[in-house]
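So the chains spell out like this:
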Amino acid sequence: MPALAAQTHLPTATNFPNSPASRRRRRIPPSIAVSNNPHFPTLKCHQSSSSQTPQPVQSNPSKPHIKSIVKALALSSSVTLVLKFCSFLGNGDGNFGGGSGGGGGGGGGGDESGGFWRRFFSPAALADEPQTREWDSHGLPANIVVQLNKLSGFKKYKVSDIQFFDRRRKTTVGTEDSFFEMVSLRPGGIYSKAQLQKELENLVTCGMFEKVDLEGKTNADGTLGITISFNESTWQSANRFRCINVGLMKQSKPMEMDADMTDKEKMAYFRSQEREYKRRIDRARPCLLPESVEREVLRMLRDRGKVSARLLQKIRDTVQKWYHDEGYACAQVVNFGNLNTKEVVCEVVEGDITQLVIQFQDKLGNVVEGNTQLPVVRRELPKQLRPGHVFNIEAGKQALRNINSLALFSNIEVNPRPDEKSEGGIIVEIKLKELDQKTAEVSSEWSIVPGRGGRPTLASLQPGGTVTFEHRNIKGLNRSILGTITTSNFFNPQDDLSFKLEYVHPYFDGVYNPRNRTLRVSCFNSRKLSPVFTGGPGADEVPPIWVDRAGVKANITENFTRQSKFTYGLVMEEVITRDESSNICSNGQRTLLGGGISADGPPTTLSGTGTDRMAFLQANITRDNTKFVNGSIVGERNVFQVDQGLGVGSKFPFFNRHQLTLTRFLQLKQVEEGAGKPPPPVLVLHGHYGGCVGDLPSYDAFTLGGPYSVRGYNMGELGAARNILELAAELRVPVKGTHVYAFAEHGNDLGSSKDVKGNPTEVYRRMGHGSSYGAGVKVGLVRVEYAVDNNSGTGALFFRFGERF
Amino acid sequence: MASQVVREWIGINNFAPATQDKLLELLGKLKQENVATLTVLVMGKGGVGKSSTVNSIIGERAVSVSPFQSEVPRPVMVSRSRAGFTLNVIDTPGIIEGGYINDQALEIIKRFLLNKTIDILLYVDRLDAYRVDNLEKQVIRAITESFGKAIWSRALVVLTHAQFSPPDGLPYDEFFSKRSEALLKTVRAGASFSKRDTQVPKIPVVLVENSGRCNKNDKDEKVLPNGTAWIPHLVETITEVVSNGSKSIFVDKKLIEGPNPNQRGKLLIPLILALQYLFVVKPIKQAIISDISNEKRLSWEVDA
């Protein structure tokens, strides 16, 4: 290449084939100008520790993207997710056959392409086994300087150390200098003469040096010290800086210059080249680089005066650092143009997406036709992954998370690879492995219950368990049918059989419609102990009442955001109330003065028979903009739920039962966000109002007391009322990775206990209102708290799972 | 329980002839006003002499009395008829237990009274108590809550143990008026008659002495320290109250259980639903929309 041409357009060809350095410092961009058929290897994160990885690679952990992928991995729970990213390994001769094999198949990078790999890792690989003494002594007297061409072509030399000598400054350059990274030689490595020559050749052609030499100095122990002496290239000073996006543009191929050209012809030739370059700049699209970075570069240009190779390297690093910090992992500075003018032009390939490919793979990794319809996947992708946008690793991660939340795939890979047809373009490949459509699961347990005389007998062994079946992704549209049956005794399932059958139909408005509504139809039953029939403090034990519900529910959920949604639907259910011995009972029991039990307590049902049937509309709107700030939750959550009776059912129930919950998580101190930073103290304010107008059976009455109502009391210990108001405040202070908290809560029936038929609050001697306060600490998932209830003035220690709010 | 045998009122013969005459005269008067049955409900704290008063009125030992503990775990109705006139006296257990209203006892009384008509309420307390305490208020409030305000226009306050000498030489009449005034005040407060309430009934206060050592006058009638024969006086007052124009209380389910809360506001439900949609659901939806637009976007999400 003619010297002049090289100086006006400096390709930042700081990459070297077969160099561990280029693998290590993956930010060094490839020379697209040189490599006309580059392969972009993909890296799987679990491959980073494969046996093939040599020592030098492992010893340098500066792999920000691998780290971030590990984070993404931690995010997904069950399926293995691999976000492949582009790692532009510079590769001059394009021999990277083993690259993708090594990444994907593990063994693929074996012997066949092993030539490459061996060369790639040879210094380290050989350094790993020095005892075999695979290197040869130089066989020369010690302490003499040997020119490169004087070395023997048959020997393998061991390099003891490498020195850079700057001829202009007449100093030896330290290892921290940016030039050092351009050399793939490493101290302790073993190289042949050919390898050393190749190294030198690369240094010469990279354009950073006007002149560069490599000499050896013999050591007494037979090893060789290498000195690389160089003259750095410099150009005239510039005061303008411009960054252009040359992605998807044809690389300008320098016209071969005839050595026999006259001066005039030469002038004409350079002028035409300059013109062409201007046109290229004009055609180039503006790039994403913000002005702040441009100003920073400009400052660098001004401070230095002369434009040197080092400065260009620094500019390249600055520009690339911005791109990579912003997540534009495929952005590369490919060239500096217009050198020797007032303006430095930085050519960037930002990584424009030219194509988006969605692929399904079977278990063996073969590409197959998937069952899932593509729009289902496509609607989960952020629009930044569509062709025409610049590839951003964050968008890729977002896509990964979104697709993962579909729960349809066992393995998801988002993999950008270079577009071979269009220079600098990126094809985003999404590879998906589908889960089995039909699954069935049986989990069982035996329980030994005491037989006669309290001793467990064989006959009292009870087989219990859960049968689950699921048919996922029906028609490829993510519709599913899910059924579960649970019983504690399969011999007598009628005792406590609980079942659920659910059909989920997402994309209710069509898969192309951006509106995200999901239809759910389910059959269910449940059995719960009624907290309405609970005694107050100190009262005799109140005979329990079980509330069995069975019915059909159909609702539509519209998701506005990940957390905010609106659900509305119809519920038809049958409610049966039973006493301890599973007999249907119509009234609660109560103990009489003399100690007897009478069954004329508050009515359990609306109909008075112990069995109610009713249909009602149910709507629930949830607004939730909470987010995590360093692990503690901040934001607000509002929930409004209303059950509207339709007058259909036993005794024609017509009612409006409503609940409004407001919760605020107030951040009390501004903190810096980031991993490992301490979370802020948070004040939680919570209010809950529940009310009912119209028919109110006792099982639908609002109960006061309990871990989610007023802490420090048992479920329903404070009363059951028609209207309730609960207020709570909690102060959370982070301490050593967890938090301690103090709270105060109050619940009040607003005098509406008497408006529940039979007044169960009064019959079971409950106060109807109560306050509590206390403090606690969170240990993992468990909250340990001490709560004092103000009605009796006594405190107790509680262990609770999960969060109160 | 309701179908108790109505026995002939023989006890009336045990009274002194003068008392008998007076009683028969009063009964005749009631009959003229088409009152053939009179149901008297006796209520009060425990141990004030409710049962003794009942026995005194009937003139026989109809209900067992024990000086130290309640012998009456549940209400008892004593019915006696004389010359086509039936007198029902319902004796109730004391509804105070351990310093609080015994809700269960009250509940039992209410159920016992279901579908009966109460003509007269005798609220019994002792004369020889010096102070009106909180219990009194509770009992009065419980009665009001159970049977409604209206029962107080059919009520008499009966003070037992009337044969007693007031302390510190206080004149008997003065003590009596002070005591009754204090009690009536409590009744008015407990029954939650407000001052503006024009319909505050005037509740008569009657003195009673059930003791066998009760002084008697020359006609062999039991008399009080102030000289009135108390049995005729009591019955006379009852008659007056009966004929004062107020209605007797019929105890039905509605009265016991209060108004059906399930019916209240039912007609407003469509309106409530509309208000909920307009003033709760819509604002929340708006807030969600503003949340979406305010969401902090990462730099890569903003561009393009």
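Residues numbered from 1 in each chain as written. Chains lettered and ligands numbered in written order. Predicted model: local features only at pLDDT ≥ 70, side-chain atom pairs only at ≥ 80, totals over all residues. Heavy atoms only, no water.

A. Representation of the sheet that holds strand E2 (residues 37-44) of chain B in the model. Residue and element names in this part refer to chain B. Strand order in the open sheet formed by seven strands is E1-E3-E4-E2-E8-E9-E10, and the pairing between neighbours is mixed. If you trace the sheet from one side to the other, it starts and ends with strand E1 (7-8) and strand E10 (205-207), each paired once. Sheet strands in contact with helix H5 (residues 172-190) are strand E8 (120-126), strand E9 (155-160) and E10, and its direction is about 135° off that of E9. (Pairing = 2+ DSSP bridges. Helix = DSSP H or I, 4+ residues; strand = E, 2+ residues; numbered from the N terminus. Contact = heavy atoms within 4.5 Å. Axes fitted to C-alpha atoms, helices over the stretch in contact; angles between N-to-C directions.)

B. Spotlight on the packing of helix H9 (residues 291-304) of chain A against helix H10 (residues 309-325) of chain A. Residues and elements named next belong to chain A. Two elements in contact, H9 and H10, have axes separated by 10 Å at closest approach and are oriented at 165°. Relative to H10, the element H9 lies roughly antiparallel. Judged by the sense of rotation from one axis to the other, the crossing of H9 with H10 is right-handed. Judged by residue contacts, Val 293, Glu 296, Val 297, Met 300, Leu 301 and Arg 304 of H9 engage Leu 311, Lys 314, Ile 315, Thr 318, Val 319 and Trp 322 from H10. A per-class count over the contact of H9 with H10 returns eight nonpolar, one polar and three charged. (Parallel < 35°, antiparallel > 145°, perpendicular 65-115°, else oblique. Left-handed = near helix turned anticlockwise from the far one by under 90°. Nonpolar A, V, L, I, M, F, W, Y, C, P; charged D, E, K, R; others polar.)

C. Geometry of the interface of chain B and chain A. Counting from both sides, the interface comprises 32 residues of chain B and, opposite them, 45 residues of chain A. Together, the buried faces of chain B and chain A total about 3,300 Å²; carbon and sulfur atoms form 60% of this surface. At the junction of chain B with chain A, the criterion picks out three salt bridges. Residues Asp755(A) and Arg264(B) are paired through a salt bridge, measuring 2.9 Å at the closest nitrogen-oxygen approach. Our count for the chain B to chain A interface comes out at nine residue pairs in polar contact (both at pLDDT 80 or more). Listed by contribution, the elements that provide at least two residues to the side of chain B that touches chain A are helix H3 (103-113), helix H8 (269-294) and helix H9 (299-302) of chain B. With 13 residues, the single largest contributor to the side of chain B that touches chain A is H8(B). When its residues are assigned to classes, the side of chain B that touches chain A shows 13 nonpolar, eight polar and eleven charged. (Buried area = accessible area lost by both parts, 1.4 Å probe. Salt bridge = Lys/Arg side-chain N within 4 Å of Asp/Glu carboxyl O. Polar contact = N/O pair within 3.5 Å; in protein donor to acceptor, adjacent residues only side chain to side chain.)

D. Highlighting the pairing of strand E28 (residues 611-624) of chain A. Residue and element names in this part refer to chain A. Summarising burial for E28: ten of the 14 residues are buried, a large majority. Of the pairings in the sheet, the one linking strand E25 (residues 565-578) to E28 comprises twelve bridges and is antiparallel in character. Considered in E28, the bridge of Tyr 568 is made with Ala 619. With eleven bridges connecting them, E28 and strand E30 (residues 632-649) associate as antiparallel partners. Residue Gln 618 lies in a different strand from E30, and its bridge partner there is Asp 643. (Buried < 20%, exposed > 50% of the residue type's maximum accessible area, 1.4 Å probe, protein only.)

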